[in-house]
Amino acid sequence: MNNLCSITMKVGSKGYNIFLIGLGNIGFRHLQALMKLKKKANIFLIENNSNNLKQIKKKIINNNKKLKLYFYSRIPKIDYVIDSAIISTNADVRYSIIRDLIKNNKVKNLIIEKFAFQKKIHFKKILFLLKKNRTRAYVNCPRRMFPDYKKIKSSLTKNDQINMTVSYSNWNLASNSIHFFDLFNYLVGNKPLKIVYNNFKKNIVKSKKKGFIELKGIIVLESNNGDRLILNDTNINPTIGGIWIESKNYSYLIYEAEEKMIYYNKNKFQFSEK
């Protein structure tokens, strides 16, 4: 998958050109969203696992006349600008994929799954390439765009101190914690955070993904003015858990899977639910 197709593809002259590289579970979700596009687009689906590629071809029924789908086992080189490229591969191969993609194609926008890379040097090298090629890049941490979290943000004053706790069972803390780091950072106003406690040394476990690890236990972060974030991967019933956010005037309990939020206005002594 790190090698590009040797043939330059003369397609994509009409509509948007979108690359989706990696068609695992997350990649397939991206594809489902792309299939709802209302504008003309050429979607290049790239997956080096032949079985995954066959399954995707069977699953996808393209009834959207505005979309053209192209399937590849390696990254193609095309004559036209790539408007957006979504990289949803594992982190261990992401650096080489992005490097080859940008060097051989003109890419306007890049969307990267978390964690972006596994080595600091890879961040530096890709940032250099992005700047050189004028490519804008985004890491896919969407919670700060969710309406409920925007509502919580709007309820906070400049000097509010925030306490936030995320507690679930077996939620892949190592790979998913970045979503809550980003959300917390959004709520507190991009303040520097430091780790004040963790017990991960005794709680390193094998990931379901071969060659990767996961973490059990707890991590606590604080900002310089006392905002606190607690992430906890418990051993309780997996159906129990949620996200609790508390400020001076409000308390929020969010159940994302159920799309449910309970909040308490301390000034009015009033509970609400949505």
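Residues numbered from 1 in each chain as written. Predicted model: local features only at pLDDT ≥ 70, side-chain atom pairs only at ≥ 80, totals over all residues. Heavy atoms only, no water.

Caption draft 1: Layout of the overall build of the protein chain. Within the protein chain, the regular secondary structure consists of 6 helices and 18 strands. Seen through its principal axes, the protein chain has C-alpha atoms that stretch 65 × 40 × 40 Å. By residue count, 45% of the 274 residues in the protein chain fall in the buried class. Contacts in the protein chain between residues far apart in sequence, at least 24 positions, make up 68% of those at least 6 positions apart. Split by element, the accessible area of the protein chain, about 16,400 Å² in all, is 52% carbon and sulfur. (Helix = DSSP H or I, 4+ residues; strand = E, 2+ residues; numbered from the N terminus. Buried < 20%, exposed > 50% of the residue type's maximum accessible area, 1.4 Å probe, protein only. Contact = heavy atoms within 4.5 Å. Areas by Shrake-Rupley, 256 points an atom, 1.4 Å probe, with all protein chains shown as cover.)

Caption draft 2: Representation of the pairing of strand 8 (residues 136–139) within the structure. Where strand 7 (residues 107–112) meets strand 8, 4 bridges bridge the pair, whose relative direction is parallel. Counterpart to Asn109 in the pairing with strand 8 is Arg136. In the classification by handedness, the crossover that spans strand 7, the intervening helix 4 (residues 120–133) and the parallel strand 8 is right-handed. (Pairing = 2+ DSSP bridges. Right-handed = clockwise from strand over helix to strand, strands pointing away.)

Caption draft 3: Molecular detail of the environment of Ser167. In this fold, Ser167 is placed in strand 9 (residues 163–169). Taking the C-alpha atoms as reference points, Ser167 and Ile111, separated by 56 residues in sequence, lie 28 Å from one another.

Caption draft 4: Structural context of the pattern of salt bridges. Scanning the model with the defined rule gives 8 salt bridges in all. Across the pair Arg99 and Asp100 runs a salt bridge whose closest N-O atoms are separated by 3.1 Å. Residue classification places Asp100 among the buried positions, given a relative accessible area of 12%. (Salt bridge = Lys/Arg side-chain N within 4 Å of Asp/Glu carboxyl O.)

Caption draft 5: Spotlight on the packing of helix 3 (residues 91–104) against helix 4. In contact at an axis separation of 11 Å, helix 3 and helix 4 are set at 15 degrees when each is read in the N-to-C sense. Judged on the interaxial angle alone, helix 4 and helix 3 are roughly parallel. Handedness of the helix 3/helix 4 crossing: left-handed. Together, Tyr95, Ile98, Arg99, Ile102 and Lys103 of helix 3 and His122, Lys125, Ile126, Leu129, Leu130 and Asn133 of helix 4 make up the contact between the two elements. Classifying every residue of the contact of helix 3 with helix 4 gives 6 nonpolar, 2 polar and 3 charged. (Axes fitted to C-alpha atoms, helices over the stretch in contact; angles between N-to-C directions. Parallel < 35°, antiparallel > 145°, perpendicular 65-115°, else oblique. Left-handed = near helix turned anticlockwise from the far one by under 90°. Nonpolar A, V, L, I, M, F, W, Y, C, P; charged D, E, K, R; others polar.)

Caption draft 6: Examining the packing of helix 5 (residues 147–154) against helix 6 (residues 173–188) more closely. In contact at an axis separation of 9 Å, helix 5 and helix 6 are set at 35 degrees when each is read in the N-to-C sense. Across from Tyr149, Lys150, Ile152 and Lys153 in helix 5, the residues of helix 6 making contact are Leu183, Tyr186 and Leu187. Tallied by class, residues from the contact of helix 5 with helix 6 come to 5 nonpolar, no polar and 2 charged.

On their own, these measurements won't tell you what the molecule is for.
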